[in-house]
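Structural features, examined
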Amino acid sequence: QLQLVESGGGSVQPGGSLRLSCAASGVTLDYYTIGWFRQAPGRERERVSCISSSGSIRKYADSVKGRFTISRDNRKNTVYLQMNSLKPEDTGVYYCAPCVVATGSYAGIGHWGLGTQVTVSS
């Protein structure tokens, strides 16, 4: 069973940066398309980004294009999300999970982790 653990969240000021990590256990991540999702208080979970198994295809929500970069290191069994120029509206709990690269949607497989909190405020 695919198990993913998110880390790297924290509290930063607007304009700051964070790098989130999504580490897989129990399986080799090479063959999985993995995405990042986030959920702000009072809002539904939304798509952030999605990366194909090889890293050749990357998708981003319009709200984060130009600011966030998704990447992966299959040798380390880890997917990353580099977040720059953070805005208060980026605040939320960030989760990683398998995604459908065509849309960035949740693939409906795997196990949701506890997520990692990102707080952007002045």
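Above this text is the structure in question.
Let me sum up the structure you'll find in this document. None of these values were measured; they are calculated from a predicted model.

Below, the discussion takes up the pattern of salt bridges. For the structure shown, the criterion picks out 5 salt bridges. A salt bridge links Arg 38 to Glu 46; the nearest nitrogen and oxygen atoms lie 2.7 Å apart. Linking Lys 65 and Asp 62 is a salt bridge whose minimum nitrogen-to-oxygen distance equals 3.2 Å. You'll find Lys 65 and Asp 62 in the same group, each marked exposed. Bridged by salt links that share partners, the residues Arg 38, Glu 46, Arg 67 and Asp 90 form one connected network.

Simply put, the disulfide is a covalent bond whose two ends are the sulfur atoms of two cysteines. Here the structure, examined in full by the defined rule, presents 2 disulfides. There is a disulfide in this structure between Cys 22 and Cys 96, and the S-S distance comes to 2.1 Å. Disulfide Cys 22-Cys 96: the torsion about the S-S bond is 80°, which places it as right-handed. Of this pair, Cys 22 sits in strand E3 (residues 18-25) while Cys 96 sits in strand E9 (residues 92-100); the two residues are 74 residues apart in sequence, bridging distant segments of the chain. In this pair, the class of Cys 22 matches that of Cys 96, namely buried. At a sulfur-sulfur separation of 1.9 Å, the disulfide partner of Cys 50 is Cys 99. With the S-S bond torsion at 85°, the cross-link from Cys 50 to Cys 99 turns out right-handed.

Right, let's get into the environment of Gly 16. Among the structural elements, Gly 16 can be located in the loop between strand E2 (10-12) and E3. Between the C-alpha atoms of Gly 16 and Ser 85, which are 69 residues apart in sequence, the distance is 5.5 Å. When neighbours within four sequence positions are excluded, Gly 16 is seen to be in contact with Met 83, Asn 84, Ser 85 and Leu 86.

The next point concerns the pairing of strand E5 (residues 46-51). Where strand E4 (residues 34-39) lies against E5, 5 bridges are found, and the strand directions are antiparallel. Across the sheet, residue Gly 35 finds its bridge partner in E5, namely Cys 50. Examined bridge by bridge, E5 and strand E6 (residues 58-60) share 3 bridges and lie antiparallel to one another. Across the sheet, Ile 51 pairs through a bridge with Arg 58, a residue of E6. Counted along the chain from E5 to the antiparallel partner E6, the turn is 6 residues long, and its residue Gly 55 has a positive phi close to 90°.

What counts as what
- Residues numbered from 1 in each chain as written.
- Predicted model: local features only at pLDDT ≥ 70, side-chain atom pairs only at ≥ 80, totals over all residues.
- Heavy atoms only, no water.
- Salt bridge = Lys/Arg side-chain N within 4 Å of Asp/Glu carboxyl O.
- Buried < 20%, exposed > 50% of the residue type's maximum accessible area, 1.4 Å probe, protein only.
- Disulfide = S-S within 2.5 Å.
- Helix = DSSP H or I, 4+ residues; strand = E, 2+ residues; numbered from the N terminus.
- Contact = heavy atoms within 4.5 Å.
- Pairing = 2+ DSSP bridges.

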